[in-house]
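One letter stands for each residue in the lines below.
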Amino acid sequence: MALFENAPAKINLSLDVLSKRDDGYHNVEMIMTTIDLSDRVMLSEIAEDRIEVALESRYVPSDERNLAYKAAKVFKDTYRIRKGVRINIEKSIPVSAGLGGGSTDAAAVLRGLNRLWSLNIPTEKLQEMGDMIGTDVPFCVQGKTAIATGRGEKIERLPSPPPGWVVLAKPDIGVSSRTIFQRIDMKEISHPNTSQILRALNSGDFQSMCDYIGNSLEAITMNLHPEVLRIKKAMVQAGASGVLMSGSGPTVYGLVEHHSKARRIYNSMCGFCDEVYLVRLLG
């Protein structure tokens, strides 16, 4: 038997770094929402007690370094499962892009194994396992729109954003989240107005949401990779209502309310980088 799980990408409407923790991580406050760009994860049981990961990407490992592999191992170890699983991943989400591609694949594995082996584990327990794999995995287990606090493991559902379109533009570079977080200077970092974004979501105000999106990591990544700033400037000039880098980057997204305008911005951004996408907000 095989089953499929959809693994949608996420964007950050806000990413605020609040403080450095004693364990080396940072306390964060992030508003994230899912978008209509997804990987497809197929899970099938195999007779041997092992984990196999198959995907066609020269940038993503298929061994124990893969987050989907780690998710299957955590799941099997936690519930003492002595069965094997084959994980096939069809990648559509760019790699090392700030869009949660590896995290959402891991989350899809946790949800899928729960179904495959009929364990009826509640979402909260899946999120706890997700926290053992990566900081964005607990959010990706649930998806939709939520605010994440702590290291990213404390998840609270939020209203979905107003309907709209997202233009994504990823330069031909990868960014390591660890590298960006290591460069944080808490005395100099900027902080988004998270409360205003929450108000905009609660009132369904698209333009207000666009006005207040913000990312504490944006300046750090742009300093290391000036092409990210060039893409943001181009997206603003093209007329997107709100423009921001997602996660630790390097993908820049533009929020647009109407499809016709979003299509024009998409076309203009295709001249700046090879990886450009036009998708809906899902949250």
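Residues numbered from 1 in each chain as written. Predicted model: local features only at pLDDT ≥ 70, side-chain atom pairs only at ≥ 80, totals over all residues. Heavy atoms only, no water.

(A) View of unusual backbone geometry. Between glycine 249 and proline 250 the backbone carries a cis peptide bond, its omega angle lying at 10 degrees. Residue placement: proline 250 occurs in the loop between strand E9 (242-245) and strand E10 (252-256). With a phi close to 50 degrees, arginine 80 is a non-glycine residue in the positive phi region. In this fold, arginine 80 is placed in the loop between helix H1 (67-79) and strand E4 (84-90). Arginine 80 gets classed as exposed once you look at its relative accessible area, which sits at 66%. (Helix = DSSP H or I, 4+ residues; strand = E, 2+ residues; numbered from the N terminus. Buried < 20%, exposed > 50% of the residue type's maximum accessible area, 1.4 Å probe, protein only.)

(B) Seen up close, the environment of leucine 158. Looking at the secondary structure, you find leucine 158 in the loop between strand E6 (154-157) and strand E7 (165-170). Each C-alpha atom, one on leucine 158 and one on aspartate 131, is 20 Å from the other, the two residues being 27 residues apart in sequence. In this structure, leucine 158 is in contact with Ile31, Thr145, Ala146, Ile147, Leu198 and Leu201, ignoring residues within four places of it in sequence. (Contact = heavy atoms within 4.5 Å.)

(C) How the structure looks around the sheet that holds strand E11 (residues 275-280). With antiparallel pairing, the 4 strands of this open sheet are ordered in space as E9-E10-E7-E11. Edge positions in the sheet fall to E9 and E11, since each has one partner strand and no second. Going across the sheet, the axis of each strand differs from the next one's by a mean of 20 degrees, ignoring polarity. Alignment of E9 against E10, held across 4 bridges, turns out to be antiparallel. Along E10, the bridge assignment pairs glycine 242 with leucine 255. Set on the sheet, helix H9 (residues 226-238) makes contact with E7, E9 and E10; between it and E10 the angle comes to about 15 degrees. (Pairing = 2+ DSSP bridges. Axes fitted to C-alpha atoms, helices over the stretch in contact; angles between N-to-C directions.)

(D) Representation of the packing of helix H2 (residues 101-116) against helix H3 (residues 123-131) within the structure. Between H2 and H3, the least distance of the axes is 10 Å, while the angle of their chain directions is 135 degrees. With respect to H3, the element H2 is oriented oblique. Once H2 is placed against H3, the crossing between them reads as right-handed. Here Leu110, Arg111 and Asn114 of H2 come into contact with H3, specifically with Leu126, Met129 and Gly130. Taken together, the residues of the contact of H2 with H3 break down into 3 nonpolar, 2 polar and 1 charged. (Parallel < 35°, antiparallel > 145°, perpendicular 65-115°, else oblique. Left-handed = near helix turned anticlockwise from the far one by under 90°. Nonpolar A, V, L, I, M, F, W, Y, C, P; charged D, E, K, R; others polar.)

(E) Representation of the packing of aromatic side chains within the structure. Going through the model one piece at a time under the given rule, you end up with 2 aromatic pairs. Each ring, one from phenylalanine 75 and one from tyrosine 79, has its centre 5.6 Å from the other, and the planes form 45 degrees; the classification is tilted. Placement of both phenylalanine 75 and tyrosine 79 in helix H1 is noted, with a separation of 4 residues, approximately one turn of the helix. Residue class for tyrosine 79 comes out partly exposed when judged on its relative accessible area of 32%. For the pair phenylalanine 75 and tryptophan 117, a centre-to-centre distance of 6.1 Å together with 45 degrees between the ring planes defines the contact as tilted. Taken together, the residues phenylalanine 75 in helix H1 and tryptophan 117 in the loop between H2 and H3 connect sequence positions 42 residues apart. Three or more aromatic residues joined by ring pairs form one cluster here, namely Phe75, Tyr79 and Trp117. The side chain of arginine 40 reaches across the aromatic face of phenylalanine 4, ending 3.8 Å from its centre. The ring centre of tyrosine 25 lies 4.8 Å from the NZ or CZ of arginine 151, which sits over that ring. (Phe/Tyr/Trp six-rings, centres within 6.5 Å; stacked < 30°, edge-to-face > 60°. Lys NZ or Arg CZ within 6 Å of the ring centre and 35° of its normal.)

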